[in-house]
Amino acid sequence: MTEPDLNLLIALDALLAEVSVAGAARRLGLSASAMSRTLTRLRAVTEDPLLVRAGRQMVLTPYAEQLRERTQNAVFAARSVLRPSVSELSLVTLERTFIIRANEGFVEAFGASLIAAAAKAAPLVRLRFSPKPEKTSRHLREGLVDLEIGVLGTMGPEIRLQTLFRDRFVGVVRAGHPLRLEPQMTASQYAALGHVVASRRERTSGPVDEALAELGLQRNIAAVVPSFPAALAVAQASDLVALVPATFLINQPMTDNVGAAATLWAFELPVTTMPITISQLWHPRSEADPAHRWLRQLVLSVCRQMVPDKPSGLKT
């Protein structure tokens, strides 16, 4: 009996995940022609086309759809066999790249501390932060990332999660903004100010707007930008007010922290909103992996050490 070429399993997993010859080639570091030849071999072995043309795109055949999850699990199990057991895990010699999918605000606030903590405990470990333009469980299900950081969305019942910390929104203006002279800001005064809103999907309303609407108020939104860093940049160079999570300001130059060198000033909102729960999420396939457990504990420890009860620099 001829033994199957198990390298084909890795290629099949990439093809089913990417639904693209070119995408699978990039994922495995191969040329498009080499991946095309591998697809030809896979079609011969499985006796199924696997990927077929539909207009300008490729789609999976029904048989390929059935294979997708089984293939992912088989590849993950095979890789787990070649990793150390719990008793053999040595952080000093652990050589591995962990991919963490998180938005840029989390990376700016916690990235440097996570990298330093990982390097101290496991010098051969590399952390790679992946952008998070949308909420989806696909990256965890397909093994494209090790951890996902953020607010729990529709991720599926199988996804594991652990709360890292609770956040809240605060207002931010430039250090010399006239607002700093106000002894007490009302909801009406806040709503009447010019605002810059951060939204990847160009949305202009959220929990703060809902709280203001209950008071019969509406924010005066002057601009919408795609990210929190962009909102802070606009606020820093204008009289507009930015709205950002409090933890996003951990590494920002706030007035009460660095005095004259500061460029930003934050204040508590005059309305109450629900806290934001930030969690780390992972696929159950990684649950028992000792190195992955170490990574989860590292992220939890760093986040809880860095998040204070109330970030300094806020008007109370």
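Whatever comes next refers back to the structure up there.
Described in the following lines is the structure provided in the data block. In this text, all values refer to a predicted model and were calculated from it rather than measured experimentally.

## Quick notes on the layout of surface pockets
If you add up the space inside the largest pocket, you get close to 1300 Å³. Around the largest pocket, the lining comprises 43 residues; the ones closest to its centre are N103, F169, A198, R200 and F228. Secondary-structure elements contributing two or more residues to the lining of the largest pocket are α5 (104–121), β5 (147–150), β6 (160–167), β8 (194–198), α8 (207–213), α9 (228–236), β10 (241–245) and β12 (276–282). The element that contributes the greatest number of residues to the lining of the largest pocket is α5, accounting for 5 residues. Residue classes in the lining of the largest pocket are distributed as 21 nonpolar, 11 polar and 11 charged.

## Section: the environment of A211
For A211, the location among the structural elements is in helix α8. Setting aside residues up to four positions removed in sequence, A211 forms contacts with V271 and T272.

## Observations concerning the pattern of salt bridges
Scanning all chains against the criterion turns up 12 salt bridges. As a salt-bridge pair, R41 and D5 come within 3.1 Å of each other at their nearest N and O atoms. On the criterion of sequence distance, the pair formed by R41 in helix α3 (residues 32–46) and D5 in the segment before α1 (7–18) is long-range, its members being 36 residues apart. Relative accessible area serves as the criterion here: at 33%, D5 is assigned to the partly exposed category. Of the charged contacts, one joins D239 and R174 as a salt bridge, the two residues approaching to 2.8 Å between their closest N and O atoms. On the criterion of sequence distance, the pair formed by D239 in the loop between α9 and β10 and R174 in strand β7 (residues 169–174) is long-range, its members being 65 residues apart. Among the charged side chains, a salt-bridge network with shared partners connects D13, E18 and R27.

## Some thoughts on the packing of aromatic side chains
Inspection of every chain in the model, using the stated rule, returns 6 aromatic pairs. Residues F98 and W294 carry aromatic rings whose centres are separated by 6.3 Å and whose planes lie at 45 degrees to one another, so their mutual orientation is tilted. One end of the pair, F98, is in strand β3 (residues 97–101); the other, W294, is in helix α11 (residues 290–306), with 196 residues separating them in the sequence. A single burial state applies to F98 and to W294, both of which are buried. Between the aromatic rings of F228 and F248, the centroid separation amounts to 6.0 Å while the plane-to-plane angle is 50 degrees, which identifies the pairing as tilted. Taken together, the residues span a long stretch of sequence, with F228 in helix α9 and F248 in the loop between β10 and α10 (255–258) at a distance of 20 residues. By the ring-pair criterion, three or more aromatic residues cluster together here, those being F106, F110 and F165. Directly above the ring of W282 sits R296, whose terminal nitrogen or CZ lies 4.4 Å from the centroid.

## Structural notes on the sheet that holds β12
The strand order β4-β3-β5-β12-β6 describes an open sheet built from 5 strands, whose pairing is mixed. A single partner strand is all that each edge strand has here, and the edge strands are β4 (126–130) and β6. Each strand axis lies, on average, 20 degrees off the axis of its neighbour in the sheet, ignoring direction. Summarising the sheet, β3 and β5 pair through 2 bridges and their orientation is parallel. Residue pairing across strands places R101 opposite E148, the latter belonging to β5.

## Some details on the nonpolar core
Judged by nonpolar contacts, the single largest core of 45 residues is most densely connected at F110, Y190 and F267. Top element by residues in this core is α11. It accounts for 9 residues. In this structure, F110 is in contact with F165, T247, I250, C303, M306 and V307, ignoring residues within four places of it in sequence. With 18 residues, the next largest nonpolar core counts L12, L15, V21 and L39 among its residues.

Basis of the calculations
Residues numbered from 1 in each chain as written. Predicted model: local features only at pLDDT ≥ 70, side-chain atom pairs only at ≥ 80, totals over all residues. Heavy atoms only, no water. 1 Å grid on protein atoms, 1.4 Å probe; cavity = no way out; pocket = protein on both sides within 12 Å on 5 of 7 lines; lining within 4 Å. Points joined across faces, edges and corners; volume = space filled by probe spheres on them. Helix = DSSP H or I, 4+ residues; strand = E, 2+ residues; numbered from the N terminus. Nonpolar A, V, L, I, M, F, W, Y, C, P; charged D, E, K, R; others polar. Contact = heavy atoms within 4.5 Å. Salt bridge = Lys/Arg side-chain N within 4 Å of Asp/Glu carboxyl O. Buried < 20%, exposed > 50% of the residue type's maximum accessible area, 1.4 Å probe, protein only. Phe/Tyr/Trp six-rings, centres within 6.5 Å; stacked < 30°, edge-to-face > 60°. Lys NZ or Arg CZ within 6 Å of the ring centre and 35° of its normal. Pairing = 2+ DSSP bridges. Axes fitted to C-alpha atoms, helices over the stretch in contact; angles between N-to-C directions. Core = buried A, V, L, I, M, F, W, Y, C linked by side-chain atoms within 4.5 Å.

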